[in-house]
Amino acid sequence: MSTVPAGIPRHLAVIMDGNGRWAERRKRPRAIGHRAGARAVNVCIDFCLERGIGALTLFAFSSENWGRPQEEVGALMKLFLSALDREVSELDRRGVRVRFIGERERFPASIRERMASAEALTAGNQRLHLVIAASYGGRQDIAQAARSLAEDVLAGRLRSDEINENTMASRMALADLPAPDLFIRTGGDHRVSNFLLWQLAYTELWFTEQLWPDLDVPTLQRALEDYARRERRFGLTSAQLGGHSPENPSA
Ligand code: FPP
């Protein structure tokens, strides 16, 4: 993941929204929309592999999604289980490292076991780092980082004046990856919805009306072209940057 063609994000973060509406427009149960959404996940992964994007983080299930009707949550669990069973060996073959962030203890044991074995099987892969955010919430991520630092202070391993942006960042999920360069949200809403709040501080945001199950390569291509045209200043002036950005020397 060290050398990336100019204009290509090193890390893409995606909110896959619109599955429910896709199904409702077809007068089908929402679960059918999620199933179609799982196919779009493959479109997105293939795109990242082809374009040399090193990391892809997908928001598959938020901490708040547990509050959806039981039938829908059950259908999503079944879908996660079958996707894990079906896709992981192929992802491994293609050099994809799979990893999960979020409150994994809230998932049934059958899913937790498959998450662990997918991570173990693919741990050595380097072509694409695929992160699935499941029962994830950005505020909860920040809170757990703060708790982890507080525990170190209490135990005398850290001084309170050593708590700063760097030590916080080191305790967040995805501490080992560059922050997302580009965020895409499908489904027409223009918000971040408690996804990667800390990590998105300087991320370029891109929104489309397209519903997630309809995701296609031309849409992803448009997002990338738009991203490549943007100047990322990270709070500095254009003149100061002189074509470089402090967080991403290739941008
Ligand atoms: C949001 O659409 C989508 C979800 C809550 C679930 C995302 C899950 C998938 C794309 C399926 C499988 C994923 C993996 C990683 C195998 P929504 O239901 O909120 O849509 P709506 O806004 O139209 O109601």
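Cut-offs applied
Residues numbered from 1 in each chain as written. Predicted model: local features only at pLDDT ≥ 70, side-chain atom pairs only at ≥ 80, totals over all residues. Heavy atoms only, no water. Core = buried A, V, L, I, M, F, W, Y, C linked by side-chain atoms within 4.5 Å. Buried < 20%, exposed > 50% of the residue type's maximum accessible area, 1.4 Å probe, protein only. Contact = heavy atoms within 4.5 Å. UniProt positions renumbered as here; feature names shortened; annotations may be inferred. Helix = DSSP H or I, 4+ residues; strand = E, 2+ residues; numbered from the N terminus. Pairing = 2+ DSSP bridges. Axes fitted to C-alpha atoms, helices over the stretch in contact; angles between N-to-C directions. Expected span 1.5 Å × (residues − 1). Arc of directions from axis to C-beta. Parallel < 35°, antiparallel > 145°, perpendicular 65-115°, else oblique. Left-handed = near helix turned anticlockwise from the far one by under 90°. Nonpolar A, V, L, I, M, F, W, Y, C, P; charged D, E, K, R; others polar. Near = heavy atom within 4 Å. Polar contact = N/O pair within 3.5 Å; in protein donor to acceptor, adjacent residues only side chain to side chain.

Undergrad: I tried to follow the nonpolar core on my own but got confused; where do I start?
TA: For soluble globular proteins, nonpolar side chains are generally found buried alongside one another. Core analysis: the biggest nonpolar cluster contains 43 residues, and Val 14, Leu 56 and Leu 130 have the highest contact counts within it. The contact partners of Leu 130, leaving out residues within four places of it in the chain, are Ile 45, Leu 56, Leu 58, Leu 91, Val 96, Arg 97, Val 98 and Arg 99. Core analysis: the next-biggest nonpolar cluster, separate from the first, contains 15 residues, Ile 15, Leu 174, Phe 183 and Phe 195 among them.

Undergrad: Looking at this structure, how should I read the UniProt feature "active site" (unreviewed entry) in the chain?
TA: Mapped onto this numbering, the UniProt entry gives "active site" (unreviewed entry) at Asp 17 and Asn 65. The greatest C-alpha distance among the residues just named is 12.3 Å, despite their covering 49 residues of sequence, which places them together in space. If you trace the backbone, Asp 17 turns up in the loop between strand 1 (11-15) and helix 1 (19-25). We classify Asp 17 as buried; its relative accessible area is 18%. If we ignore the near neighbours within four places in the chain, the residues touching Asp 17 are Arg 185, Thr 186, Gly 187, Asp 189, Gln 210, Leu 211 and Trp 212. With respect to the helices, strands and loops of the structure, Asn 65 is situated in the loop between strand 2 (55-62) and helix 3 (70-93).

Undergrad: Just to check I follow, could you spell out the sheet that holds strand 3 (residues 96-101) for this structure?
TA: Strand pairing in a sheet takes place through backbone hydrogen bonds and is either antiparallel or parallel in direction. Strands sit in the order 3-4-2-1-5-6 across an open sheet of 6 strands; the sheet is parallel. One side of each edge strand has no neighbouring strand; the edge strands of this open sheet are strand 3 and strand 6 (204-207). Averaged over all pairs of adjacent strands, the angle between their axes in this sheet comes to 20 degrees, without regard to strand direction. As paired elements, strand 3 and strand 4 (residues 128-136) share 6 bridges and run parallel to each other. When the sheet's bridge partners are listed, Val 98 is paired in strand 4 with Leu 130.

Undergrad: In this structure, what is going on with helix 4 (residues 109-122)? I would like to understand it.
TA: Every α-helical turn comprises 3.6 residues, leaving residues that sit three or four positions apart pointing alike. For helix 4, spanning 14 residues, the distance from its first C-alpha to its last is 20 Å, which sits close to the expected 20 Å at 1.5 Å a residue. Of all the residues in helix 4, the buried ones are Ile 111, Met 115, Ala 118 and Thr 122. The buried side chains of helix 4 occupy one side of the element, clustering within an arc of 65 degrees when seen end-on. Facing away from the buried side of helix 4, by more than 90 degrees, are the exposed residues Glu 113 and Ala 120. Contact partners of the buried residues in helix 4: helix 3, strand 3 and strand 4.

Undergrad: What's the story with the pairing of strand 5 (residues 182-185) in this structure? I'm lost.
TA: As a general feature of sheets, a regular strand has side chains that alternate between the two faces. Both faces of strand 5 are covered, namely the face carrying Leu 182 and Ile 184 and the face carrying Phe 183 and Arg 185. Sheet topology note: the strand 1/strand 5 ladder contains 4 bridges and is parallel. Within the sheet, the bridge partner assigned to Val 14 lies in strand 5 and is Ile 184. With 4 bridges joining them, strand 5 and strand 6 adopt parallel strand pairing. Paired with Ile 184 across the strands is Trp 206, a residue of strand 6.

Undergrad: Hey, could you run me through unusual backbone geometry in this one?
TA: Generally, phi is negative for residues other than glycine and the peptide bonds are trans, each holding for most cases. At Lys 27, a residue that is not glycine, the phi angle is positive and equals roughly 55 degrees. Locating Lys 27 in the fold gives a position in the loop between helix 1 and helix 2 (30-51). At Leu 196, a position not held by glycine, the phi torsion is positive, near 30 degrees. One can find Leu 196 in the loop between strand 5 and strand 6.

Undergrad: Can you help me understand the packing of helix 2 against helix 7 (residues 217-229) in this one?
TA: Working note: a packed helix pair is described by the angle between its axes plus the distance between those axes. Axis separation between helix 2 and helix 7 bottoms out at 10 Å; the angle between their running directions is 50 degrees. When the axes of helix 2 and helix 7 are compared, the pair comes out oblique. The chirality of how helix 2 crosses helix 7 is right-handed. For the pair helix 2 and helix 7, the contacting residues are Val 43, Cys 44, Phe 47 and Arg 51 in the first and Val 217, Leu 220, Gln 221 and Leu 224 in the second. Split by residue class, the contact of helix 2 with helix 7 holds 6 nonpolar, 1 polar and 1 charged.

Undergrad: What is the right way to look at the site of the ligand in this model?
TA: Close contacts around the ligand come from 19 residues, with Asp 17, Gly 20, Arg 21, Arg 30 and Arg 68 the closest. At 2.7 Å from an oxygen atom of the ligand is found a main-chain nitrogen or oxygen belonging to Arg 21. At the level of secondary structure, the elements contributing two or more residues to the shell around the ligand comprise helix 1, helix 2 and helix 3. Looking at the shell around the ligand residue by residue, the classes come out as 9 nonpolar, 6 polar and 4 charged.

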